[in-house]
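# An overview of the molecular structure
Residues per chain, in single letters:
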Amino acid sequence: MELVCPAGSLNAFKAAVDNGADAIYIGFRDETNARHFAGLNFNDRAAMKALDVARAKGVKLFVAINTYANQAQWKKWAFAVDAATDLGADAIIAGDTAVLGYANSKHPDQALHLSVQAAATNAATLQFYKRHFNIQRAVLPRVLSLKQVEALTKTSPVDLEVFAFGSLCVMAEGRCYLSSYLTGESPNTVGACSPAKYVEWQEVDGVMKTRLGGSLIDKFEPGEKAGYPTLCKGRFNALDKKVHALEEPTSLNTMDLLPKLYASGVKALKIEGRQRSPAYVGQVVGVWRQAIDHFMANKEAFSVEQPWRDQLLAVSEGKQTTIGAYDRDWQ
């Protein structure tokens, strides 16, 4: 299974390469990618450097153009497709049908991967995208059970990629509405659920208050680590308690499912985290490289080693992990 890894900077890209990534996905510095944060992502020069690093080590480079285009700024998305193709990207990851259509018609030889933002969950949908845009792979949304993934691999007309590790979100992919009520901007179009211009930090008597769009998201007592304010992971007074009322911070970790994912026919495992540091990328990629290599050499006797669990837990949100929707036996 191909190990697909994130990079939000050139240093993170190098860390992914050095620690065993098979493919690395990046985004450009604008609204065309869904991790549009200040100080992250790639301009033309950085993208070329990343490509040189990738080619030197035989690693694939993917470009995520995975937000939804708007009419007023359509040229940005078209330009991003042209730039990714001119760069020599091994694949473009997109979910907007107009973006896919433009890429397929203007650059018919460019490999296209269907973004998780398209939220494709059945073979008929995948057949539609294959027929109209000639996609080669689809990234499945994190709402499917393991049984559903196994069933889909039997009928899918394209290779399938699933998320293996990283942040989760209460929203279904491609349906990111929640934060738009506070900011007036959808993460599906601007690329961030908590754009920096709407974020406020206020410290009073040692207590840090974080706001998004003017609304209080969390309060952190002296000595408590203050997290970046996102509405879904904020803490609120509910049922007479201060709790994560919408979503408790946790990370997806599917390492225990490696044998089942392999047996199902899944072709690629994706690590989430283009917003993460190079150190995080290097550590997570390195652990997953060890686990995949160990599994491939010991399929019948594979087990997750405790040091791998410890290293992943150390960088997980809330210091806890889950296998998410994969364990829903009722689906």
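Structure: above.
Here's a quick rundown of the structure. All values reported here derive from a predicted model rather than from experimental measurement.

### What about the pattern of salt bridges?
- Under the defined criterion, the tally for this structure stands at 17 salt bridges.
- For K76, the salt bridge goes to E31, with nearest N and O atoms at 2.9 Å. Of the two residues, K76 sits in helix 3 (residues 74-87) while E31 sits in the loop between strand 2 (23-26) and helix 2 (44-57), which places them 45 residues apart along the sequence.
- A relative accessible area of 31% means that K76 is categorised as partly exposed.

### Quick look at the sheet that holds strand 8 (residues 199-204)
- Pairing is antiparallel across the open sheet formed by three strands, whose spatial order is 8-9-10. Of all strands in the sheet, those with a lone pairing partner are strand 8 and strand 10 (215-220), marking the two edges. Neighbouring strand axes in the sheet, compared pairwise and without regard to direction, differ in orientation by 25° on average.

### Quick notes on the packing of aromatic side chains
- All chains considered together, the criterion is met by nine aromatic pairs.
- Seen in terms of ring centroids, Y262 and F295 are 5.2 Å apart; in terms of plane orientation they differ by 70°. Their pairing is edge-to-face. With Y262 in helix 9 (residues 258-264) and F295 in helix 10 (residues 278-297), this residue pair connects regions lying 33 residues apart in the sequence.
- In this structure an aromatic cluster arises from ring pairing among Y262, F295, F302 and W308.
- One Lys or Arg, R142, reaches over the ring of F163 and ends 3.8 Å from the middle of that ring.
- One residue, K270, lies across the ring of Y25, its end atom 4.3 Å from the ring centre.

Scoring rules and cut-offs
Residues numbered from 1 in each chain as written. Predicted model: local features only at pLDDT ≥ 70, side-chain atom pairs only at ≥ 80, totals over all residues. Heavy atoms only, no water. Salt bridge = Lys/Arg side-chain N within 4 Å of Asp/Glu carboxyl O. Helix = DSSP H or I, 4+ residues; strand = E, 2+ residues; numbered from the N terminus. Buried < 20%, exposed > 50% of the residue type's maximum accessible area, 1.4 Å probe, protein only. Pairing = 2+ DSSP bridges. Axes fitted to C-alpha atoms, helices over the stretch in contact; angles between N-to-C directions. Phe/Tyr/Trp six-rings, centres within 6.5 Å; stacked < 30°, edge-to-face > 60°. Lys NZ or Arg CZ within 6 Å of the ring centre and 35° of its normal.

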